[in-house]
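# Chain and residue survey
One-letter residues, chain by chain:
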Amino acid sequence: MCTGACSKFIAIPLYVLALLSIICNFFLFFPDLDTQYAAQDRKGLPWLTEEVKYMGGVVGGGIMVLIPAIHIHLTSANKCCANRCGMFLSIGFAAGGVVGAIYSLSVSALGLANGPSCLYEDPVSGLQTWGTPFANSNGSYLSDKKMWDLCLEPKNVVEFNVGLFSTLLVAACVELVLCLIQMVNGLFGCICGTCAGKEVV
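Parameters at a glance
One numbering rule holds for all chains: residues counted from 1, following each sequence as written. With pLDDT at 70 or above as the cut-off, local features in this predicted model cover only qualifying residues; side-chain atom pairs require 80 or more to be listed or tallied, and sums for whole chains, interfaces and linings still use all residues. As a convention, hydrogens and water are excluded, and side-chain values are obtained from all of the structure's heavy atoms. Secondary structure is summarised from DSSP: a helix means a run of H or I of at least four residues, a strand means a run of E of at least two, and numbering begins at the N terminus for each. Using C-alpha atoms as the atom set, the radius of gyration is obtained and then compared with a globule rule of 2.2 Å times the number of residues to the power 0.38. We call two residues contacting when some pair of their heavy atoms lies within 4.5 Å. For the area figures, the Shrake-Rupley method with a 1.4 Å probe applies, and any residue is considered shielded solely by the protein chains shown. Two strands make a pair as long as DSSP finds a minimum of two bridges between them. Fitting a line to C-alpha atoms yields each axis, with helices limited to the stretch in contact; the angle taken between N-to-C directions then spans 0 to 180 degrees. Each angle receives one of four descriptions, namely roughly parallel if under 35 degrees, roughly antiparallel if over 145, roughly perpendicular if within 65 to 115, and oblique otherwise. By definition, any crossing whose near helix is turned counterclockwise from its far helix by less than a right angle is left-handed, and any crossing with a clockwise turn is right-handed. Among buried residues, the Ala, Val, Leu, Ile, Met, Phe, Trp, Tyr and Cys ones that are joined through side-chain atoms within 4.5 Å form a nonpolar core. Buried means the residue's accessible area, taken with a 1.4 Å probe over protein chains only, is under 20% of the maximum for its type, while exposed means over 50%, and partly exposed covers the values in between.

## Thoughts on the overall build of the protein chain
- Scanning the protein chain from N- to C-terminus turns up five helices and three strands.
- For 201 residues, the compact-globule estimate of 2.2 N^0.38 gives 17 Å, and the C-alpha radius of gyration of the protein chain, at 21 Å, exceeds that figure by more than 25%.
- Over its C-alpha atoms, taken along the principal directions, the protein chain stretches across nearly 75 × 30 × 20 Å.
- Nonlocal contacts in the protein chain, meaning residues at least 24 apart in sequence, comprise 73% of its contacts between residues at least 6 apart.
- In the form shown here, the protein chain has an accessible surface area of approximately 10200 Å², with 68% of it arising from carbon and sulfur atoms.

Right under this line is the structure:
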């Protein structure tokens, strides 16, 4: 496969994954699809999961992957960056995508490990309080669904967070692999050309 065609094959999934990451991160701000939790968090109350506010899906898996995807796509088009210089630049853009994917992956993994912020009954005081009841569980709550009942509010917040953070994690892993492949593809394109007809160096 020509390096130019390979770039197009890589760029299109990156568009989809970047958009998916942004959407997942957006929904994480609204547990139970309710805006009150984000509103209360803005007032200083810990009603939102901390890792959501790190914007891993928007900044890392979203913008930092979307920008490289645009350039990588351009390297596959005739007479538009389809030259050795364009492929060389795609290595740097893909490296930026790698950094973004790693950031999104790290935030997602942290979000899964610590669990959601929710209203739960403190086992010591017996009072209901907002916090992260699974923060010290080392992620063991993920395999023990009985523990999920600890969260009283928002409704089904554990399933909500696990589903969206898992999606972000998988998307970031695929983005990471695709960007690494593009770095290798860009190197070959820089040395051998893009097979996009007559090139301009």
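## Side note on the sheet that holds strand β1 (residues 118-121)
- Strand order in the open sheet formed by three strands is β2-β1-β3, and the pairing between neighbours is antiparallel. Edge positions in the open sheet fall to β2 (128-131) and β3 (151-153), since each of these has one partner strand only. Going from strand to strand, the sheet's axes swing by 50° on average, the running direction of each strand aside.
- Bridge analysis of β1 against β3 gives two bridges, and the strand direction is antiparallel. The residue of β3 that forms the bridge with L119 is E153.

## Section: the packing of helix α3 (residues 56-74) against helix α4 (residues 84-114)
- Running from N to C, α3 and α4 cross one another at 165°; their axes reach a closest spacing of 8 Å. If you check the angle between α3 and α4, you find them roughly antiparallel. In this structure, the crossing between α3 and α4 has a hand that is left-handed.

## Let's talk about the nonpolar core
- Counting 24 residues, the largest nonpolar core has L28, Y141, C151, V158 and F165 as the members making the most contacts within it.
- At the level of secondary structure, the elements contributing two or more residues to this core comprise α1 (3-28), α2 (36-42), β1 and α5 (157-192).
- Ranked by residues supplied to this core, first place goes to α5 with seven residues.
- Every residue in contact with Y141, bar those within four places of it in the chain, is listed here: G111, L112, A113, G115, P116, F134, M147, W148, V158 and V162.
- The next biggest cluster of nonpolar side chains, apart from the first, holds 16 residues, and it includes L17, A69, A171 and C179.

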